[in-house]
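Structural overview for review
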Amino acid sequence: MDKCNNLKSGGIARSNINIVEDLFKSKKVVKICAPMVRYSKLAFRTLIRRYECDVAFTPMIVSNSFVKSVKARDSEFTTNSNDHPLVVQFAASNSKDLADATEIISPYANGVDLNCGCPQRWAMAEGYGAHLIKKPELIRDMVRQTQSRINQKDFSISIKIRLHKNIRETVDLCQKAEHAGISWVTVHGRTVQQRTEPVDYDAIKTINDSLSIPVVANGDIKFLEDVEKVHANTGVKGVMAARGMLQNPAMYAGYENTPLQCVQDWVDLAIGLGTPFPCFHYHLIAMMERVASKPEKKVFNTLNSTSAVLDFLKEYYNVQYNDQQQAKITESLADHLCGLNLDQPDIQS
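Counting of residues starts from 1 at the beginning of each chain's written sequence and follows it residue by residue. Totals for whole chains, interfaces and linings use all residues, but because this is a predicted model, local features are given only for residues with pLDDT of at least 70 and pairs of side-chain atoms are given and counted only at 80 or more. Computation of side-chain values covers all heavy atoms of the structure but excludes hydrogens and water.

1. With respect to the overall build of the protein chain
To keep things clear, this is the line we draw: Going along the chain from the N terminus, every DSSP run of H or I of four or more residues is numbered as a helix, and every run of E of two or more is numbered as a strand. Throughout this description, buried means an accessible area under 20% of the type-specific maximum (1.4 Å probe, protein chains only), exposed means over 50%, and partly exposed covers the range between. By definition, residues are in contact when any of their heavy atoms lie within 4.5 Å. With residues, only the protein chains shown are counted as cover, and all accessible areas are computed by Shrake-Rupley using a 1.4 Å probe.
Helix and strand counts for the protein chain stand at 17 helices and eleven strands. Within the protein chain, the proportion of its 349 residues that are buried is 54%. Contacts in the protein chain between residues far apart in sequence, at least 24 positions, make up 72% of those at least 6 positions apart. About 15800 Å² of surface is accessible on the protein chain, with carbon and sulfur atoms providing 48% of the total.

The following block contains the structure:
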């Protein structure tokens, strides 16, 4: 039996305690890494867990494609036994797609999140993302059908939203979602139309004060002091960072800039998990943004191979690539690695 099937047959040991919800009760503020298309994949999630990230999200996955295609499942979702707490985020436009997709991943994750905040035009045109904040009844039905399908006390169902122009609409949406049974809600403090405008933390505080479930604040979290400030000013139980984590995966551990040990860890993990070069390089470009000098970045950002990147890191930063150490890491990760190589055929619509 191959390693994937070993994990497939076991999955997560289930219990009556939801590990994510328990974190909200036990910690002053839960530190979460946001879903990031192409970038919040297994290697990066493994890295940030070494630096005090409490919960990690997968990238947003389109539920319809995920359910219908074996290829989509294998490429979009990979995990291992150390990749927890883990929340899988889906884009869905109807209850069946969300419930079907959640049923597939539920043995391997601690929760599912419905994306109700993506402002991209393609997503909204398909009925995904921020399109849903105008449809609280649909969100209610999606949550309830997914709960009914999964029916596990230790599995959370959450949503991630953006603000309406009228804060009362957002409060009403969140209260209806809470009544439907969501475990917690993440609020990005901008409207669908906003991109670089300041985050509206007053609106997030209003939402937090209006709900009994945990609220997570998202937007412009770049340093650990931002985490503490947002918590103090809004009362939220969690914070979620995206770009701040890309620039400094050790942010939640209190580092102002990416430490070289974190760069070393990324090299080891990314190569060990077979990360494609564009993703491997992009993460390093982001990590080195506040570390490298302008001339160094000019050279580093144009490198086009893994060997060139490793030579640069060794020469300029003494980040050493150790074949023997790498072999140990690769073997350890491979022992637990699993894509969703399920015995299900492609489903034709």
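From this point, the narrative continues.
2. Details of the pattern of salt bridges
As a reminder of what qualifies: Each reported salt bridge corresponds to a side-chain nitrogen of Lys or Arg within 4 Å of a carboxyl oxygen of Asp or Glu.
According to the stated counting rule, one finds 14 salt bridges in the structure shown. In this structure, Asp 54 engages Lys 27 in a salt bridge whose closest nitrogen and oxygen atoms are separated by 3.6 Å. Of the two residues, Asp 54 sits in the loop between helix H3 (42-49) and strand S2 (55-57) while Lys 27 sits in the loop between helix H2 (19-26) and strand S1 (30-33), which places them 27 residues apart along the sequence. Taking relative accessible area as the criterion, Asp 54 reaches 13% and is therefore assigned buried. With relative accessibility at 28%, the residue Lys 27 sits in the partly exposed group. A salt bridge links Asp 100 to Lys 96; its shortest N-O distance comes to 2.6 Å.

3. Considerations on the environment of Val 88
As for its placement among the helices and strands, Val 88 is situated in strand S5 (residues 86-91). A C-alpha to C-alpha distance of 9.5 Å links Val 88 and Tyr 108, two positions 20 residues apart in sequence. When near neighbours in sequence (up to four residues on either side) are disregarded, Val 88 contacts Thr 58, Ile 61, Phe 77, Ile 105, Ala 109, Gly 111, Val 112 and Asp 113.

4. Considering the confidence of the model for the protein chain
Our working definition: The quantity called pLDDT is the predictor's confidence in a given residue, expressed from 0 to 100.
Per-chain confidence: the protein chain averages 91 in pLDDT, with 89% of residues scoring 70 or above. Per-residue pLDDT stays below 50 along residues 341-349; that stretch engages in 19 contacts with residues further than four places along the chain or on separate chains.

5. Comments concerning the pairing of strand S9 (residues 215-218)
How we decide: Here, a strand pair is defined by DSSP locating no fewer than two bridges between the strands. When the strands point away from the viewer and the path from the first strand over the helix to the second turns clockwise, the crossover is right-handed.
By the alternation rule, side chains of S9 split into Val 215 and Ala 217 and Val 216 and Asn 218, which are all buried. As judged from the four bridges shared by strand S8 (residues 184-191) and S9, these two strands associate in the parallel manner. Counterpart to Val 187 in the pairing with S9 is Ala 217. A crossover links S8 with its parallel partner S9, the connecting element being helix H10 (residues 201-210), and its sense is right-handed. In this sheet, strand S10 (residues 238-241) lies alongside S9 in parallel orientation, the contact comprising three bridges. In the sheet register, Ala 217 faces S10, and the bridge partner there is Val 239. At this point the chain moves from S9, through helix H11 (residues 224-234), to the parallel S10, and the crossover so formed is right-handed.

6. So, H11
Three- or four-residue spacings in an α-helix give side chains the same orientation, since the helix completes a turn every 3.6 residues. Selection criterion: Summarising the geometry, the arc corresponds to the directions from the helix axis toward the C-beta atoms.
Those residues of H11 that sit buried are Asp 226, Val 227, Val 230, His 231 and Thr 234. Along H11, the residues classed as buried sweep out an arc of 130° about the axis, all on the same side. Facing away from the buried side of H11, by more than 90 degrees, are the exposed residues Glu 225 and Ala 232. Structurally, H11 contributes buried residues whose contacts are with S1, H10, S9 and S10. Looking at the residues trailing H11, positive phi occurs at Gly 235, about 80°.

7. Side note on the packing of aromatic side chains
Put simply, the rule reads: Whether two aromatic rings pair depends on their centres lying within 6.5 Å, for rings of Phe, Tyr and Trp, where Trp uses its six-membered ring; planes under 30 degrees apart make the pair stacked, over 60 edge-to-face, and the rest tilted.
Taken as a whole and assessed by the stated rule, the structure comprises ten aromatic pairs. Ring geometry for Tyr 39 against Tyr 282: centres 4.2 Å apart, planes inclined by 15°, an arrangement best described as stacked. In this pair, Tyr 39 sits in the loop between S1 and H3 while Tyr 282 sits in helix H14 (residues 277-287), placing the two residues 243 residues apart along the sequence. Take Tyr 282: its relative accessible area is 33%, and that puts it in the partly exposed class. Consider the rings of Tyr 51 and Tyr 255, whose centres lie 6.3 Å apart with planes at 75°: the pair is edge-to-face.

8. Quick look at helix H8 (residues 136-150)
Spelled out, the test is: Any helix carries an expected span of 1.5 Å times its number of residues minus one.
Given a rise of 1.5 Å per residue, 15 residues ought to cover 21 Å, and the 21 Å separating the end C-alpha atoms of H8 matches this to within 8%. Those residues of H8 that fall on the buried side of the exposure criterion are Pro 136, Ile 139, Met 142, Val 143, Thr 146 and Ile 150. Mapping the buried residues of H8 onto a view down its axis gives an arc of 120°, with all of them on the same face. The elements touched by buried residues of H8 are helix H6 (95-105), strand S6 (111-116), strand S7 (156-163) and helix H9 (167-180). Once H8 ends, the next one or two residues include Asn 151, with phi positive near 50°.

9. Notes on the packing of H6 against H8
The criterion, for reference: Each axis is a line fitted through C-alpha atoms, and for a helix only the stretch in contact is used; angles between axes span 0 to 180 degrees, taken between their N-to-C directions. Each crossing is labelled by how the near helix is turned from the far one, with a counterclockwise turn of less than a right angle marking it left-handed and a clockwise turn marking it right-handed.
Between H6 and H8, the least distance of the axes is 8 Å, while the angle of their chain directions is 35°. Pair H6 / H8 crosses with right-handed handedness. Residues Ser 95, Lys 96, Leu 98, Ala 99, Asp 100, Thr 102 and Glu 103 of H6 form the contact with H8, whose own contacting residues are Asp 141, Met 142, Gln 145, Thr 146, Arg 149 and Ile 150.

10. Some points on the packing of helix H13 (residues 260-272) against H14
The cut-off we apply is this: For classification purposes, an angle smaller than 35 degrees is called roughly parallel, one larger than 145 roughly antiparallel, one from 65 to 115 roughly perpendicular, and anything else oblique. Three classes are used: nonpolar for Ala, Val, Leu, Ile, Met, Phe, Trp, Tyr, Cys and Pro, charged for Asp, Glu, Lys and Arg, and polar for all others, with Gly counted as polar.
Viewed as axis vectors pointing N to C, H13 and H14 meet at an angle of 170°, and their least axial separation amounts to 11 Å. The pairing of H13 with H14 is recorded here as roughly antiparallel in orientation. Of H14, the residues touching H13 (which contributes Val 263, Trp 266, Val 267, Ala 270 and Ile 271) are Cys 279, Phe 280, His 283, Leu 284 and Met 287. Its residues assigned to classes, the contact of H13 with H14 comprises nine nonpolar, one polar and no charged.

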